[in-house]
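# Understanding the architecture of this molecule
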Amino acid sequence: MGKNNVKQKSNFKKFLKRYIFVLCIVSIIFLIYVMNTLYQYEDSYTDNYMSSFVKDLAQSAKKGKINKYCSLDNIKVNELESNKNDCQKALEEIIKTSDLGYKLEKNNKSAQEAIYGVYANNNKIMDVTLSVKKQNKRLSLFSYPTWQVKECKINEERGLFYYDILVPSNYTVKVNQATLSESYISNSETDTNYEIFAKYTKLAKMVNYKLDNFVTEPNIVILDDKGNQMSYEIKNHKVELSSLYKAVDNYEDAKQYLAKEIDVMDIAKKWSLFLTDDLSGDRHGFTGLSKYLIKGTSLYQMAYSWATSVDITFTSKHTLKNPAFTNTKVSDFEIYGKDAFACTVYLEKNMTIANNNEKVDVMHDKLYFVYYDDTNDGVDNPQWKMVDMKAVTGK
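Before going into details, it helps to say that this report is about the structure given with it.

Criteria and thresholds
- Residues numbered from 1 in each chain as written.
- Predicted model: local features only at pLDDT ≥ 70, side-chain atom pairs only at ≥ 80, totals over all residues.
- Heavy atoms only, no water.
- Helix = DSSP H or I, 4+ residues; strand = E, 2+ residues; numbered from the N terminus.
- Buried < 20%, exposed > 50% of the residue type's maximum accessible area, 1.4 Å probe, protein only.
- Contact = heavy atoms within 4.5 Å.
- Areas by Shrake-Rupley, 256 points an atom, 1.4 Å probe, with all protein chains shown as cover.
- Salt bridge = Lys/Arg side-chain N within 4 Å of Asp/Glu carboxyl O.
- Arc of directions from axis to C-beta.

### Digging into the overall build of the protein
Along the backbone of the protein there are eight helices and 18 strands. In the protein, which comprises 395 residues, the share counted as buried stands at 39%. For the protein, the proportion of contacts with a sequence separation of at least 24, taken over those separated by at least 6, is 61%. For the protein, the computed accessible surface area is about 23800 Å², with 48% contributed by carbon and sulfur atoms.

### Thoughts on the pattern of salt bridges
This model, assessed by the stated rule, comprises 15 salt bridges. The salt bridge involving E93 is made with K96; its shortest N-O contact spans 3.8 Å. Of this pair, E93 and K96 both sit in helix 3 (residues 87-96), three residues apart, which is roughly one turn of that helix. With a closest N to O distance of 2.5 Å, R158 and D212 form a salt bridge. Here R158, found in the loop between strand 4 (142-154) and strand 5 (161-168), pairs with D212, found in strand 9 (residues 206-214); they are 54 residues apart in sequence, far enough to count as distant. Classification of R158 as buried rests on a relative accessible area of 13%. On the accessibility criterion, D212 (17% relative accessible area) is buried. Counted as one network, the salt bridges with shared partners bring together E105, K124 and D127.

### Observations regarding unusual backbone geometry
The amide bond that connects N322 to the next residue, P323, takes the cis arrangement and shows omega of 5 degrees. Along the chain, the position of P323 falls in strand 15 (residues 319-337). Although it is not a glycine, Q177 adopts a positive phi angle of roughly 75 degrees. For Q177, the location among the structural elements is in the loop between strand 6 (172-175) and strand 7 (178-179). The class of Q177 is exposed, set by a relative accessible area of 73%. Phi is positive for H284, which is not a glycine, with a value near 60 degrees. Structurally, the position occupied by H284 is in the loop between helix 6 (264-275) and helix 7 (286-289).

### Considerations on the side chain of S60
In this structure, S60 sits in helix 2 (residues 46-62). On the accessibility criterion, S60 (5% relative accessible area) is buried. Those residues in contact with S60 that sit more than four places away from it in its chain are K65, I66 and Y69.

### Details of the environment of S331
Following the sequence through the fold, S331 ends up in strand 15. S331 gets classed as buried once you look at its relative accessible area, which sits at 11%. Sequence separation between S331 and N250 is 81 residues, and the spatial gap between their C-alpha atoms is 4.9 Å. Residue contacts for S331: discarding those within four places in its chain leaves D249, C343 and T344.

### Considering helix 8 (residues 298-308)
Turning to helix 8, its buried residues number three or more, namely L299, Y300, A303 and A307. Looking straight down helix 8, one finds its buried side chains confined to an arc of 100 degrees; they lie on one side. In this structure, the buried side of helix 8 is in contact with helix 6, helix 7 and strand 18 (383-391).

Next up, the structure:
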């Protein structure tokens, strides 16, 4: 009986070891299965799928096999493109030399489909449509889709490289040595300051040249009406001239470009005095001041309303000190042409108010002038007129 008990115990231990070993193997397999399920579940998120896709896309570009990942059939090529025959290589070069990213396009996602844009240095280069390949169910708990690329195509809205070029209509724009014709003008736009002057002078209107469907960055040259090459900057696909005007620091340098001399500070002082009811003449000085304004402009209407309203009579009582004006300066001239310019005026008007307190009234504004004839008497007799003014801030 003793030997049998020992043998039984020995057999039981062997069985128990084998049983525990099998349980361990089964547990490991189960854990691997669970981990694999979790990984697949995580991969079912479209963002994760796109992250892997973009990495594969970058690798394919390095190997010259981008066409295996994205269809190039919809690429349109501008007639002025200098590299028409190798769009694939141009696209691969963009991908290899750019920081790639992706984002869901306008919340364009459903349970069965998602559309992402792929971006190179924040410029959209292609659209990727994902669709559900199959639905998976594991552990009776997890239900998740497996995604696949349904379609990948080049951004066809405007192409890989595209630009809007805003210039005066008398400027010449050359792209890859070819002069742009009017057929490239999409619509007329304007520059805020330029528009102020264009109402009253013969400045050329602003036009917008629209360039689409380039696969490489084109060479863009902009020439002014005298043939001088203009500098520009490209911001968010917009080609913006560094300046539409000639910039000079002071009046002595500016007057050589103007149709006639002008005493800007004298006009500024008159305006300052008018606002505090210190300008002599009819209608609180408006009659004399109005010769520097154009009837019908918002500036004229503002001055007229001030001169004829009861509010001007409630101006705080004060006296002007001697000298009334100090720290006067005219600077930062922007010359759009001999008939149009803007400049910055700074002056301090010194006053004594109630209880002999002193007050300094500061004028720091950008003034806009045009050489304009508003007499309508049949005689060409233009004069400098102030058409707008804007407060200077941040200085």
